[in-house]
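# Observations on chain architecture
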Amino acid sequence: MFCQYERPICSYLARLTGDTARAQELTQETFIRTYRALVRGERWDNPRAWLYRVASRLATDDYRRRKLLAWLPLSGLELDGGQSVEATVTEQVAVQAVLNALPPKYRIPLLLYIHEACSVAEIAETLNISASAVKMRLSRAREKFRRTYEEDAKFIGQDAPKAVQTEAKGGGQARLWLPHVKEGADEPV
């Protein structure tokens, strides 16, 4: 189990804490708790969800103790042919700043969904909430993200970066270009 999940858990915790060394400590604590639970005879239908639940709780506890989070930039924004390194870095910093503004209640499911490719059902199991609550949190997270980014972009006089641009379909409300879930669906649309 350690060999299979150590790297993804550590990567997830590094994004949450913004500190690779702290993420490694929390990863170690996650697997220590897992080992203790296995010794007690606990078994899980979905060990991945259980590991992410333990890791999320440890990160939340760490956040409460430290009262400071310095989340790492979102990984992998690739350069377009015409986009400069400065523009890409500016975009990553802007996206990360807006992500930092989200409460952990919304940030954690959004990171699990987008970066860890967890399904709505897995996030529900991980956070011990219903699938409809996960969908609501993802929806609210996207809306808060979009609104905050648009306000920040107006303040500094920039356009929205490609990763977070909004579009209005059929004169409707603008939506964030992050994966979203249709009602009743378990995967991104």
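Here the structure is shown first, and the text comes after it.
Now for a look at the structure at hand.

Parameters at a glance
- Residues numbered from 1 in each chain as written.
- Predicted model: local features only at pLDDT ≥ 70, side-chain atom pairs only at ≥ 80, totals over all residues.
- Heavy atoms only, no water.
- Buried < 20%, exposed > 50% of the residue type's maximum accessible area, 1.4 Å probe, protein only.
- Helix = DSSP H or I, 4+ residues; strand = E, 2+ residues; numbered from the N terminus.
- Salt bridge = Lys/Arg side-chain N within 4 Å of Asp/Glu carboxyl O.
- Core = buried A, V, L, I, M, F, W, Y, C linked by side-chain atoms within 4.5 Å.
- Contact = heavy atoms within 4.5 Å.

Most of helix H5 (residues 104-114) sits inside the fold, with eight of its 11 residues counted as buried. Restricting attention to buried positions, one finds in H5 the residues Tyr 106, Arg 107, Ile 108, Pro 109, Leu 110, Leu 111, Leu 112 and Tyr 113.

Turning our eyes to something else, we now look at the pattern of salt bridges. If you walk through the whole model with that rule in mind, you get eight salt bridges. In this structure, Glu 25 and Arg 22 form a salt bridge, with 2.4 Å as the shortest nitrogen-oxygen distance. Taken together, the residues Glu 25 and Arg 22, both in helix H2 (residues 20-39) and three residues apart, mark about one turn of the helix. The buried category is assigned to Arg 22, whose relative accessible area is 15%. A salt bridge links Glu 42 to Arg 40; its shortest N-O distance comes to 2.7 Å. Residue Arg 40 is classed as exposed on the basis of its relative accessible area, which comes to 57%. Three or more residues joined by partner-sharing salt bridges are found here, namely Glu 143, Arg 146, Arg 147 and Glu 150.

In this section: the nonpolar core. In this structure, Ile 9, Tyr 12, Leu 13, Leu 16 and Leu 112 are the most contacted members of the largest nonpolar core, which totals 39 residues. Listing elements by their share of this core, those giving two or more residues are helix H1 (2-17), H2, helix H3 (47-66), helix H4 (85-101), H5, helix H6 (120-127) and helix H7 (131-156). Filtering out sequence-adjacent residues up to four positions away, Ile 9 remains in contact with Thr 27, Thr 30, Phe 31, Leu 51, Tyr 52 and Ala 55.

For Leu 110, the location among the structural elements is in helix H5. For Leu 110 and Ala 141, which are 31 residues apart along the polypeptide, the C-alpha to C-alpha distance reads 6.9 Å.

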